[in-house]
Amino acid sequence: PEELGLSAERLGRIVPFFQERYVDTGKLAGLVSLVARNGQLAHVGTCGRRDIASGAPMEQDTIFRIYSMTKPITSVALLTLYEEGRFQLDDPVSRFIPAWADLRVWSDGTPDGWKTEFPEREMQIRDLLTHTSGLTYGFMNRHPIDALYRRRGVERADAANLQEMIDKLSELPLLFSPGTRWSYSVATDVVGYLCE
């Protein structure tokens, strides 16, 4: 690690940290950690179990089922455009989706009729990347807006393409004022649209 400009002593803290905070507390069954620099491996560590039922320990070559990998890939694609200077993270999303300049925030009601209010500020690109946009998912079933997403066919499986999805979203209120809360959402689909 030192040859790569990293501290072996500090890298040695990774596994005990995850063991104590995540494995021992039951938040995770086990994990593999890896740190590389300039294409060279500096640290690989394991802790916990790869199979709780059998008690099999986690190994460096354990195969994981990983969900939602489109999120980091799409986000990196957008950040590549950021590196090229095509936008700033605090740019309003409406700079690229003009119909979103007038988005409102849910204040009360049902999927059949609702009241809205102005957001504290416009949605920024950073909000899409951090799931603080005020968007949601229809499958969440937590809020009347989730029902609206399902009813209007907002999500990609229901929309013919990203443009149709963006158009449908422009007609619906946000769950909360951008930047004020976190909610897993279709924000990454919007990031994909911005990349287009």
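Residues numbered from 1 in each chain as written. Predicted model: local features only at pLDDT ≥ 70, side-chain atom pairs only at ≥ 80, totals over all residues. Heavy atoms only, no water.

A. Spotlight on the sheet that holds strand 2 (residues 40-51). Reading across the sheet, the three strands line up as 1-2-3 and stay open at both edges, with antiparallel pairing between neighbours. Looking along the sheet, the strands with just one partner apiece sit at the ends: strand 1 (30-37) and strand 3 (56-57). Along the sheet face, helix 2 (residues 14-23) touches strand 1 and strand 2 and points at about 25° away from the line of strand 2. (Pairing = 2+ DSSP bridges. Helix = DSSP H or I, 4+ residues; strand = E, 2+ residues; numbered from the N terminus. Contact = heavy atoms within 4.5 Å. Axes fitted to C-alpha atoms, helices over the stretch in contact; angles between N-to-C directions.)

B. View of the pattern of salt bridges. Under the criterion given, the structure shown has eight salt bridges. A salt bridge links Glu 9 to Arg 13; the shortest N-O distance between them is 3.1 Å. Exposure remark for Arg 13: the relative accessible area of 45% places this residue in the partly exposed category. A salt bridge links Asp 127 to Arg 121; the shortest N-O distance between them is 2.7 Å. (Salt bridge = Lys/Arg side-chain N within 4 Å of Asp/Glu carboxyl O. Buried < 20%, exposed > 50% of the residue type's maximum accessible area, 1.4 Å probe, protein only.)

C. Examining the packing of aromatic side chains more closely. Taken as a whole and judged by the stated rule, the model has eight aromatic pairs. Their ring planes at 55° and their centres at 5.1 Å tell us that Tyr 137 and Tyr 184 sit as a pair that is tilted. Of this pair, Tyr 137 sits in the loop between helix 4 (125-129) and helix 5 (144-152) while Tyr 184 sits in the loop between helix 6 (162-169) and helix 7 (187-195), placing them 47 residues apart in sequence. Through successive ring pairs, a cluster of aromatic residues spans Tyr 137, Phe 139, Trp 182 and Tyr 184. One Lys or Arg, Lys 27, reaches over the ring of Tyr 22 and ends 5.7 Å from the middle of that ring. (Phe/Tyr/Trp six-rings, centres within 6.5 Å; stacked < 30°, edge-to-face > 60°. Lys NZ or Arg CZ within 6 Å of the ring centre and 35° of its normal.)

D. Examining the nonpolar core more closely. Counting 33 residues, the largest nonpolar core has Trp 100, Leu 128, Leu 135 and Leu 169 as the members making the most contacts within it. For this core, the secondary structure elements donating two or more residues are helix 3 (70-83), strand 4 (105-110), helix 4, helix 5, helix 6 and helix 7. When residues in this core are grouped by element, the largest group, five residues, is from helix 7. Filtering out sequence-adjacent residues up to four positions away, Leu 135 remains in contact with Trp 100, Met 123, Leu 128, Tyr 149, Leu 169, Leu 174, Ser 183, Tyr 184, Ser 185, Val 186, Ala 187 and Val 190. (Core = buried A, V, L, I, M, F, W, Y, C linked by side-chain atoms within 4.5 Å.)

E. How the structure looks around the side chain of Lys 168. Its location among the elements puts Lys 168 in helix 6. Leaving out residues up to four positions away in the same chain, Lys 168 has contacts with Arg 152, Gly 153, Val 154 and Asp 158.

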